[in-house]
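Close look at the chain arrangement
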Amino acid sequence: MNVLARLLEHPGIWRGRSLTRIDTLASGFPELDARLAGGGWPKVGLVEILATHLGSGELRLLLPLLARTTHQSQARWCAWIAPPLTPYAPALVAHGVNLARVLVVQAATGPQWAPEWATEQALISGACDVVLTWITRPLRPRIVRRLQLATQRGRTLAFLLRPWSARVAQEPSHALLRLGIEPRGTGVLVSILKSRGGATGQWWLDLDAARADTGV
Amino acid sequence: MASRPLRKSPLEPQSAEAPQQLSLAVPPAGSPPPQGPVAHGEPAAALRELWLGVHLPQPDPALLQRLALLAQRFTPRVSLEPPDGLVLEVQGSLALFGGAVQLYRAFRAGCNAAGAAPVLTLAPTPLAALASGRAGMSFKVLDQQHLVSAVSPLPLAALRWPPQVLQRLSKLGVYRVGQALRLPRAGFARRFGTETLGMLDQLIARSADLRAPFRVPEKFRAKRQFVREREHHAEILQALQPLLAQLAQFLEARQCGITRITCRLRHRNGLHTDCVVRLAQPEAAAARFMEWFAERLGRIALPGPVRSLELRSGELLSRAPVPESLWQPGEHGGGGDGLLGGSLELIERLRMRLGELAVHGLSCVDSHSPEGASRPVSPLAADFRRTAAAARKERSREHKVRPLWLLDEPQLLREREGWPQLAGPLCLRHGPERIESHWWEAQGVARDYYQATDVNGVAVWVFRERQPPHRWFLHGLTG
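The residue numbering used here restarts from 1 in each chain and proceeds along that chain's sequence as written. Chains carry letters from A onward and ligands carry numbers from 1 onward, assigned in written order. Residue-level local features of this predicted model are given only where pLDDT is at least 70; pairs of side-chain atoms are given and counted only at 80 or more, and the full residue set underlies all totals for whole chains, interfaces and linings. As a convention, hydrogens and water are excluded, and side-chain values are obtained from all of the structure's heavy atoms.

So, about the overall build of chain A. By the criteria applied, helices consist of DSSP H or I runs no shorter than four residues and strands consist of E runs no shorter than two, each listed in order from the N terminus. Looking only at helices and strands, chain A has eight helices and eleven strands in total. Classification of the 216 residues of chain A by burial places 56% in the buried group. Whether two residues touch is decided by their heavy atoms; if any such pair falls within 4.5 Å, the residues are in contact. Taking the intrachain contacts of chain A between residues at least 6 apart in sequence as the baseline, contacts between residues at least 24 apart amount to 64%. Summed over its atoms, the accessible surface of chain A is roughly 9300 Å², and 54% of this surface lies on carbon and sulfur atoms. Accessible area is worked out with a 1.4 Å probe on protein chains only. A residue is then buried under 20% of its type maximum, exposed over 50%, and partly exposed in between. All accessibility values rest on the Shrake-Rupley procedure with a 1.4 Å probe; residue burial counts only the protein chains present in the view.

This part takes up the side chain of E89(B). In this fold, E89(B) is placed in strand β3 (residues 85-89). Throughout this description, a polar contact denotes any pair of N or O atoms lying within 3.5 Å of each other; where both atoms belong to protein, one of them has to be capable of donating a hydrogen while the other can accept it, and for residues adjacent in sequence the pair is counted only when both atoms sit in side chains. In terms of polar contacts, E89(B) uses its side chain to reach the backbone amide nitrogen of Q91(B), at 3.1 Å.

Another point: a positive patch on the surface. Residue and element names in this part refer to chain B. Patches were defined on residues exceeding 30% relative accessible area and lacking a salt bridge, with like-charge contacts within 9 Å and nonpolar side-chain contacts (Val, Leu, Ile, Met, Phe, Trp, Tyr) within 5 Å. Any Lys or Arg side-chain nitrogen located within 4 Å of an Asp or Glu carboxyl oxygen qualifies as a salt bridge. Charge counting treats Lys and Arg as positive and Asp and Glu as negative, with His and both chain ends excluded. Where a charge sits is defined by one atom per residue type, namely NZ (Lys), CZ (Arg), CG (Asp) or CD (Glu). Together, R168, K171, R190 and R191 line one region of the surface with positive charge. Only α7 (163-171) and α9 (185-192) provide two or more residues apiece to the positive patch. Its location among the elements puts R190 in helix α9.

Glancing now at the pairing of strand β4 (residues 119-123) of chain B. Residues and elements named next belong to chain B. Counting buried positions over the five residues of β4 gives four, a clear majority of the element. Pairing between two strands requires that DSSP report at least two bridges joining them. Examined bridge by bridge, strand β1 (residues 51-55) and β4 share five bridges and lie antiparallel to one another. Residue pairing in the sheet places H55 in a bridge with V119 of β4.

Residue and element names in this part refer to chain A. Per-residue confidence from the prediction method is given by pLDDT, with values spanning 0 to 100. For chain A, per-residue confidence averages 84 on the pLDDT scale, and 92% of positions sit at 70 or higher. The least confident element of chain A is helix α8 (residues 209-214), whose mean pLDDT is 54; the most confident is strand β8 (residues 157-163), at 93. Of the regions scoring below 50 in pLDDT, residues 212-216 engages in eleven contacts with residues more than four places distant in sequence or in other chains.

Between chain B and chain A, the residue contacts involve 51 residues of the former and 51 residues of the latter. When two components associate, each loses some accessible surface as probed by a 1.4 Å sphere; the sum of these losses over both components is called the buried area. Of the roughly 4500 Å² buried where chain B meets chain A, counting both sides, 67% is carbon and sulfur surface. The interface formed by chain B and chain A contains zero salt bridges. Of all elements in the fold, only α13 (342-354), β10 (359-364), α14 (382-395) and β12 (405-412) of chain B reach the threshold of two or more residues within the side of chain B that touches chain A. Here the side of chain B that touches chain A takes eight residues from α13(B), the largest share from any one element.

Turning our attention to a nonpolar patch on the surface. On the surface, L4(A), L7(A) and I13(A) cluster together into a nonpolar patch covering about 250 Å² of accessible area. With respect to the element layout, L7(A) can be found in helix α1 (residues 2-8).

Spatial strand order, β5(A)-β12(B)-β18(B)-β17(B)-β16(B)-β15(B): six strands in an open sheet with antiparallel pairing. Looking at strand neighbours, the two that pair on one side only are β5 (86-87) of chain A together with β15 (427-436) of chain B, the edges of this open sheet. The sheet contact formed by strand β16 (residues 446-453) of chain B and strand β17 (residues 459-465) of chain B spans seven bridges and is antiparallel. Residue pairing in the sheet places Q451(B) in a bridge with W461(B) of β17(B).

What follows concerns the packing of α7(B) against α9(B). Residues and elements named next belong to chain B. Only C-alpha atoms enter the line fits that serve as axes; for helices the fit covers just the stretch in contact. Angles between N-to-C directions range over 0 to 180 degrees. Two elements in contact, α7 and α9, have axes separated by 11 Å at closest approach and are oriented at 130 degrees. As far as their axial angle goes, α9 and α7 are oblique. Of the residues in α9, those touching α7 at V165, R168 and L169 are F188, R191 and F192. The residue makeup of the contact of α7 with α9, split by class, is four nonpolar, no polar and two charged. Each angle receives one of four descriptions, namely roughly parallel if under 35 degrees, roughly antiparallel if over 145, roughly perpendicular if within 65 to 115, and oblique otherwise. Each residue is assigned to one class: nonpolar for Ala, Val, Leu, Ile, Met, Phe, Trp, Tyr, Cys and Pro, charged for Asp, Glu, Lys and Arg, and polar for all the others, Gly among them.

Moving on to the nonpolar core. The term nonpolar core refers to a set of buried residues drawn from Ala, Val, Leu, Ile, Met, Phe, Trp, Tyr and Cys, joined through side-chain atoms within 4.5 Å. In this structure, W41(A), W80(A), L132(A) and F159(A) are the most contacted members of the largest nonpolar core, which totals 65 residues. The element best represented in this core is helix α3 (residues 58-70) of chain A, accounting for six residues. Among residues more than four places away in sequence, those in contact with L132(A) are L59(A), L62(A), L66(A), A79(A), W80(A), I81(A), F159(A) and L161(A). With 33 residues, the next largest nonpolar core counts A123(B), L127(B), L147(B) and F192(B) among its residues.

All names here are of chain B. Helices are assigned an expected span. That span is 1.5 Å times one less than the residue count. Helix length check: helix α4 (residues 100-113), at 14 residues, gives a terminal C-alpha distance of 20 Å against a target of 20 Å (1.5 Å per residue), a fit within 8%. Regarding α4, the residues found buried are A100, L103, Y104, F107, G110 and C111. Looking down the long axis of α4, one finds its buried residues gathered within 125 degrees of arc, a one-sided arrangement. Turned more than 90 degrees away from the buried face of α4 sit R105 and A113, all of them exposed. Looking at the packing, one finds that the buried side of α4 touches β1, α2 (61-71), β3, α3 (94-97) and β4. One or two positions beyond α4, positive phi appears at G115, with a value near 80 degrees. As used here, the arc belongs to the directions running from the helix axis to the C-beta atoms.

This brings us to the confidence of the model for chain B. Averaged over chain B, the pLDDT score is 78; the fraction of residues at 70 or greater is 80%. In the predicted structure, residues 1-45 of chain B sits below a pLDDT of 50 and forms 53 contacts with residues beyond four places in sequence or in another chain.

Scanning all chains against the criterion turns up 28 salt bridges over all chains. With its nearest N and O atoms 4.0 Å apart, the salt bridge here joins E81(B) to R134(B). Of this pair, E81(B) sits in strand β2 (residues 78-81) while R134(B) sits in helix α5 (residues 126-134), and the two are 53 residues apart along the sequence. Assessed through its relative accessible area of 18%, R134(B) is described here as buried. Among the charged side chains, a salt-bridge network with shared partners connects E48(A), R162(A), E171(A) and R178(A).

Here we come to the sheet that holds β4(B). Residues and elements named next belong to chain B. The four strands lie next to each other as β2-β3-β1-β4, forming an open sheet whose pairing is antiparallel. Looking at the sheet topology across the chains shown, the edges are occupied by β2 and β4. Put simply, the sheet's adjacent strands are angled 20 degrees from each other on average, direction ignored. With respect to the sheet, α4 is in contact with β1, β3 and β4, its orientation differing from that of β4 by roughly 155 degrees.

Below is the structure:
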């Protein structure tokens, strides 16, 4: 055992878990934090969230994070790019989100409008803390990789919200973390499909649990 | 000033002959002698001046601006007297126009062409020109020696002194300039203030009247003619670059920025295309301009090859130097205040391609109907932060569950045996919550809202009309 421990100290040897020494942000759900690599959402990087339906609870999963980041003293923007419907301000306020930091980017569908482009701009500008992007059409892995690289440039956390289909779930992903969300009762069934430096798994998460924890 | 000839006529007051000049202020008959040496600054400048006063019967700042621009044709020395007055010094221009009368007529013609009918006066001091205009007198005094007798009948109200001063003077029975001039200086200064006395001195050229000159708003204009016609956007952009660099230098020298630049591309047959760039905040960097024009030009379909281009700036705005953060964004303390630097640049870049309305913030509005409670606002609007602060206050009051997504239009739901259907029957979880608008509002709302889940387990927000036909609608998603 001692020999193994010494061997592992060798500088040429990298362990998967060592990658988890990344800055993280608490998700507001202790149960979720415990299962994510590093104990929360990565501070910088791309997170893919696949939801079976719009409104499965994917947004409620993120609200404690949004509430906290938008209330920081030096908060940057929280950008919502191509949301499928209009976000409803009173509900966001009720969940503790500071509207003064919310930026919604929505354009009429046309040849000029590519949510990928707007997302990349928001990511590399360094003017955002969190970027949420909804993309329903199929994405090439190259684009996901490009967005992941853009998060590093602007030191931003990006959530890519996509519909969960069998095809999408099988694609390789360059995101740090890929979650699947299914509505189930008052909570969601969370599946970690990919987690760099963490474990995969599936469990049920009570979304109402966040309220007691964060006091939001 | 320097070019004006210094003519010395025996009638003209000269600085060397101070007593004679003083006696000018004192009407000859039955007046007290001046109170010792005048302890009031320098004697009036010996320079001859002639001021053309313009008084608008109705205050009109826009018209005044136009007339000030017109006045630039007559003299560079123009100053505004808002809201209804304008004076221009024309002594130096008399020779050019062939005398005061011709100049006066030319100016009147110009005013008429501009659609104005102001009262025009000529006087050796600006204040005399203005005051006589306000009094509505046709006043043409070209010589200083006639000035005192000419201004004496003017009412004191035309000098626009404070009402208390005028009231106290009226108690003494002093209503006209001539009467005021006859009062002893020391007592006058003590009772009515040195400023008031100073204005009297300026009125009769006993002391100099310095006025802030009117400056014509500056604009940048540059043109470039091509030897051969250009067809490609890249070529046009390349040609635009030196002009934009000039513009940046122009702005840098004036410490100004602009929020609007127009580039006019001229084609054959007198056709042209305008490419307008609008910015969220005053900007002066050539690289930024270039980036935006690249974005804009790329989307414009040109009707033909371009022969020349012309760049015009909008109004120059004062620009605060951009505070750069010491830290990179993401480093501790990096990113700075959310409304500075990069955050505005992001908004501009997105708007440049997607249009003004594509980027917005959110705010809460006090409204009974759920549709009215959320409103898009400009992220740069000044009131945005205030409403956000109000929303924070409201947060403590807000207990009711509201959907995170609201449909723009409520979606009509099918019904089967009285149950609303959305890809299967809905399961009502909580409710009803009754939402009614005021009865006096035209678009009345009377609904019973329920939280429900559909067959997939998605939490939705539905309502049933209170009035017949009691239809069900889907209005939002809570997830």
